[in-house]
Amino acid sequence: MIYIRVSTARPDMISPELQEFQCRGLVDRESMLLVGEPLVDLGKSGRAFSDRQIAEIIAMAERGEFDVLVLWVWSRFGRNTLESLKNLERLTELGVEVRAAKEDFDGRTVIGRFAIRQMLNIAELFSDQLSESWKDTIARRRRMGLPHANQGRFGYYRCETCPPKMRGVPLETCPQCREGVLKVDQELLGPRLWDAYERVADGVNPVSITHEWYREGIVDPVTGKHVTPAHLYDILDSGFGLGFVRYRLPEQLQVVAPDKDGVPRRRRNRCRRPESFGLYLPGRHEPVTGDRAVAERLWDRYTERRGTTPKRATINDRHTPRYSVSGRMRCPYCGGGMQPLLRAKKVRRPMVNGRPHPFDVTWRCRNQAELGNCPEAGFGNLEHIETRLVAWLREQADAPKGMLEAAVAAERAGLADREEAVRAELASLVAEEDAITDAVAARVVDYQAAGRKKERIDKRRGELTTELVELEEERARVMRHPGAAAIEAVLEAWDNATPARRNAMIKDMVRHIAVRKGRGLTLDAKYEITATWEPLQQLSKS
């Protein structure tokens with residue numbers, strides 16, 4: 001079994017491929033039999049273990065599914081020495097040998113165990129030093145009246161001459177903008193930001209603002225995307241547009257909240273509402289109004305109004321689906337997800353077991369609700385969706401198993417053929433690179449022409465690598481048919497199950513449910529259910 005971890009996930013990262021290549025080299029040298037696909041944690045810190053797949057690895061070891069765990073280097077397992085040794089000790093008790101491809105020490109010997117502990121200590125030391133460096137940098141920026149991150153802001157620009165900041169590209173600065181003080185965009189985004197503060201402070205729903213911005217073609221220059229209501233709240237809550245920079249107090253950096261297993265754990269505080277930041281300090285940049293006194297009065301009005309808006313789900317709530325079909329609803333017209341909304345209070349039906357009546361839970365296209373860019377989208381209520389879902393489960397339980405198994409086999413075969421074609425094209429790109437190198441060495445082509453060709457090859461390689469990862473993920477999602485007995489068990493437990501339990505029971509059976517537009521449609525025509533064992537097809541408007 002191979003385990004891969006990357007601290008920061010980004011589009012141009014090569015670390016997962018490098019780690020997997022080195023790990024597979026060790027597997028081949030030692031004549032090991034690789035079990036399953038590598039387990040990958042992208043964008044996960046090595047200091048915490050609760051949000052990574054270490055618990056899943058230990059559970060697999062308890063079931064005896066593998067004998068050796070292969071890492072790239074020991075720091076990939078973790079940068080917390082105490083927690084790392086605790087989990088390594090548990091794997092050792094289960095008879096699992098842990099190996100690192102680049103730092104291969106024999107953990108069965110005294111010297112090997114000592115070397116492993118030293119490598120883990122070095123990994124933790126490097127992490128602590130990096131943390132201290134970031135703390136010093138953030139403290140310096142706070143003293144200078146700058147935000148903790150040197151990034152773009154909605155309604156502001158950095159310099160008239162320097163190129164904009166791009167993700168994954170080093171920031172270019174000139175003497176005019178080296179200090180990092182942003183300037184107000186007086187032509188378009190600055191006035192729009194001021195108008196948004198005024199309207200939200202007066203009680204206007206942010207959805208109406210984002211709909212207007214979408215029709216006017218306004219996008220966030222930092223992300224290059226249209227502004228959704230949640231993103232608009234993030235922009236306004238920062239207070240940057242009104243001349244503030246915000247920081248958390250030391251006691252606000254972490255919160256204690258139960259994880260998905262109900263165990264209280266300390267986590268990084270990711271709440272972005274104004275009350276979760278203890279310091280809103282005057283920044284060196286100018287507010288979009290140009291008058292700090294006016295901006296401060298507007299900020300007081302905005303925060304007072306913001307305090308009356310409902311808070312988002314807590315960390316614990318996010319682990320528990322609210323409805324049986326949460327995460328399964330799709331709009332067939334734009335391909336995006338759908339979100340539940342409750343009917344107006346004056347027309348709601350009596351609650352059922354302390355929960356809203358299913359008829360009052362309406363699922364709507366998220367893109368249409370937030371941006372107004374999917375006018376053809378339909379909607380449906382939870383009562384009809386669950387009625388159709390139960391009928392569909394009955395149909396699947398009675399369907400011939402052989403026919404469904406053939407569909408699974410066809411889907412996997414198609415994905416395997418495409419994956420083989422992608423790998424073949426990647427191999428041809430390597431051959432092209434070798435040919436370019438030989439041509440440059442023989443002075444047949446100059447360096448500039450070779451560089452342009454190399455850029456095109458690298459771009460195509462990136463596209464193919466992304467597609468290959470998506471194909472591998474999709475092939476892993478193609479599930480085997482659970483069988484009539486398993487579906488019958490779901491039907492028997494359905495009536496007495498909670499919404500979260502229902503959601504878990506259909507997780508490996510329902511890929512998505514598409515809601516068609518039309519009031520007079522029958523339930524089977526309005527709600528199109530795609531099973532996990534069926535071929536993945538592009539949602540169409542037909």
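All values reported here derive from a predicted model rather than from experimental measurement.

Q: Hey, could you run me through the sheet that holds strand 18 (residues 527-531) in this one?
A: Picture the strands of a sheet paired through backbone hydrogen bonds; they go either parallel or antiparallel. Ordered by their spatial adjacency, three strands build an open sheet running 13-17-18, and the pairing between neighbours is mixed. Looking at strand neighbours, the two that pair on one side only are strand 13 (329-330) and strand 18, the edges of this open sheet. By the bridge criterion, five bridges tie strand 17 (residues 510-515) to strand 18 in an arrangement that is antiparallel. The partner of Val 515 across the bridge, within strand 18, is Tyr 527. Where helix 11 (residues 382-398) meets the sheet, it contacts strand 13, strand 17 and strand 18, and its direction lies at approximately 45° from that of strand 18.

Q: I tried to follow the packing of helix 7 (residues 229-237) against helix 8 (residues 292-306) on my own but got confused; where do I start?
A: The contact between helix 7 and helix 8 brings their axes to 11 Å, and the two run at 135°. It follows that helix 7 is oblique to helix 8 by the angle criterion. The two elements helix 7 and helix 8 cross, and the hand of that crossing is left-handed. For the pair formed by helix 7 and helix 8, the contact residues are Tyr 233, Leu 236 and Asp 237 on the first element and Trp 299, Tyr 302 and Arg 306 on the second. Split by residue class, the contact of helix 7 with helix 8 holds four nonpolar, no polar and two charged.

Q: Explain a nonpolar patch on the surface here, please?
A: Judged by side-chain polarity, Phe 126, Leu 130 and Trp 134 come together as a nonpolar surface patch covering roughly 340 Å² of accessible area. For Phe 126, the location among the structural elements is in helix 4 (residues 110-143).

Q: Can you help me understand the state of the cysteines in this one?
A: Summed over all chains, the structure comprises zero disulfides. Between Cys 334, a cysteine without a disulfide, and Cys 365, which holds the nearest cysteine sulfur, the sulfur-to-sulfur distance is 3.6 Å. Given the relative accessible area of 34%, Cys 334 is considered partly exposed.

Q: How should I be thinking about the pattern of salt bridges in this particular structure?
A: A side chain of one charge can pair with a side chain of the opposite charge when the charged atoms of the two come close. For the coordinates displayed, the defined rule picks out 29 salt bridges. A salt bridge links Glu 20 to Arg 24; the nearest nitrogen and oxygen atoms lie 2.8 Å apart. Of this pair, Glu 20 and Arg 24 both sit in helix 1 (residues 15-29), four residues apart, which is roughly one turn of the helix. With a relative accessible area of 31%, Arg 24 lands in the partly exposed category. Between Arg 502 and Glu 386 there is a salt bridge, and its shortest N-O distance comes to 3.4 Å.

Q: Any chance you could explain the sheet that holds strand 15 (residues 361-365) here in plain terms?
A: One open sheet holds the three strands; their spatial order is 14-15-16, and the pairing between them is antiparallel. Looking at strand neighbours, the two that pair on one side only are strand 14 (338-342) and strand 16 (379-381), the edges of this open sheet. If you compare each strand with its neighbour and ignore which way they point, the axes differ by 30° on average. In the sheet, strand 15 pairs with strand 16 via three bridges, with the strands oriented antiparallel. Paired with Thr 362 across the bridge in strand 16 is Asn 381. Packed onto the sheet, helix 11 meets strand 15 and strand 16 and runs at close to 80° relative to strand 16.

Q: When you look at the nonpolar core in this model, what are you seeing that I'm missing?
A: Among soluble globular proteins, nonpolar side chains are generally buried collectively. Core analysis: the largest hydrophobic core is formed by 32 residues, its most contacted members being Trp 363 and Leu 389. Sorting the residues of this core by element identifies strand 15, helix 11, helix 14 (484-494), strand 17 and strand 18 as the ones contributing at least two each. The element contributing the most residues to this core is helix 11, with six residues. Grouped together as the second largest cluster of nonpolar side chains are 30 residues, Leu 182, Val 184, Val 288 and Trp 299 included.

Q: What am I meant to see in the packing of aromatic side chains here?
A: We describe a pair of aromatic rings using the distance from one ring centre to the other and the angle between the two ring planes. The tally for this structure, following the rule as stated, stands at nine aromatic pairs. Seen in terms of ring centroids, Phe 154 and Trp 213 are 5.2 Å apart; in terms of plane orientation they differ by 15°. Their pairing is stacked. Note that Phe 154 is positioned in the loop between helix 4 and strand 5 (156-157) and Trp 213 in helix 6 (residues 206-215), a separation of 59 residues in sequence. The buried category is assigned to Phe 154, whose relative accessible area is 5%. Pairing Tyr 323 with Trp 363 gives two aromatic rings, centres 6.0 Å apart and planes at 80°, and the pair type is edge-to-face. Taken together, the residues span a long stretch of sequence, with Tyr 323 in the loop between helix 9 (315-318) and strand 13 and Trp 363 in strand 15 at a distance of 40 residues.

Q: How should I be thinking about the confidence of the model for the chain in this particular structure?
A: When pLDDT drops low, the exact placement of atoms in the prediction is not to be read closely. With 89% of its residues at a pLDDT of 70 or more, the chain shows a mean pLDDT of 83. A low-confidence stretch, residues 538-542 stays under pLDDT 50, and its non-local contacts, those more than four residues away or across chains, total 13 contacts.

Q: Just checking my understanding: could you explain helix 2 (residues 54-62) for this structure?
A: It helps to recall that an α-helix has 3.6 residues per turn; residues three or four apart then point in one direction. Among the residues of helix 2, Ile 54, Ile 57, Ile 58, Met 60 and Ala 61 are the ones counted as buried. For helix 2, the arc enclosing every buried residue in end-on projection is 160°, short of the 170-degree limit, so these residues lie on one face. Each element contacted by the buried residues of helix 2 is listed here: strand 1 (3-6), strand 2 (39-42), strand 3 (68-71) and helix 3 (81-93). The first or second residue beyond helix 2 is Gly 64, which carries a positive phi of 70°.

Q: What exactly am I supposed to notice about the side chain of Ser 75 here?
A: The residue Ser 75 is located in the loop between strand 3 and helix 3 in this model. Assessed through its relative accessible area of 12%, Ser 75 is described here as buried. At 3.4 Å, the side chain of Ser 75 and the side chain of Arg 76 are in polar contact.

Q: Just to check I follow, could you spell out the environment of Phe 154 for this structure?
A: Considering only alpha carbons, one finds Phe 154 and Leu 193, 39 residues apart in sequence, at a separation of 7.7 Å. Aside from chain neighbours lying at most four places away, what touches Phe 154 is Leu 189, Leu 193, Trp 213, Ile 218, Val 219, Asp 220, Pro 221, Val 222, Val 227 and Ile 235.

Q: Honestly, the packing of helix 3 against helix 4 in this entry has me stumped. Any pointers?
A: Angle between the axes and distance between the axes are the two parameters that describe a pair of packed helices. For the pair helix 3 and helix 4, interaxial distance at closest approach is 9 Å and the crossing angle is 145°. Helix 4 is crossed by helix 3, and the crossing has right-handed handedness. Contacts from Thr 81, Ser 84, Leu 85 and Leu 88 of helix 3 reach helix 4 at Ile 116, Arg 117, Leu 120, Asn 121 and Glu 124. Across the contact of helix 3 with helix 4, the residue classes break down as four nonpolar, three polar and two charged.

What counts as what
Residues numbered from 1 in each chain as written. Predicted model: local features only at pLDDT ≥ 70, side-chain atom pairs only at ≥ 80, totals over all residues. Heavy atoms only, no water. Pairing = 2+ DSSP bridges. Helix = DSSP H or I, 4+ residues; strand = E, 2+ residues; numbered from the N terminus. Contact = heavy atoms within 4.5 Å. Axes fitted to C-alpha atoms, helices over the stretch in contact; angles between N-to-C directions. Parallel < 35°, antiparallel > 145°, perpendicular 65-115°, else oblique. Left-handed = near helix turned anticlockwise from the far one by under 90°. Nonpolar A, V, L, I, M, F, W, Y, C, P; charged D, E, K, R; others polar. Patch = residues over 30% accessible without salt bridge, like charges linked within 9 Å, V, L, I, M, F, W, Y side chains within 5 Å. Areas by Shrake-Rupley, 256 points an atom, 1.4 Å probe, with all protein chains shown as cover. Salt bridge = Lys/Arg side-chain N within 4 Å of Asp/Glu carboxyl O. Disulfide = S-S within 2.5 Å. Buried < 20%, exposed > 50% of the residue type's maximum accessible area, 1.4 Å probe, protein only. Core = buried A, V, L, I, M, F, W, Y, C linked by side-chain atoms within 4.5 Å. Phe/Tyr/Trp six-rings, centres within 6.5 Å; stacked < 30°, edge-to-face > 60°. pLDDT = per-residue confidence, 0-100. Arc of directions from axis to C-beta. Polar contact = N/O pair within 3.5 Å; in protein donor to acceptor, adjacent residues only side chain to side chain.

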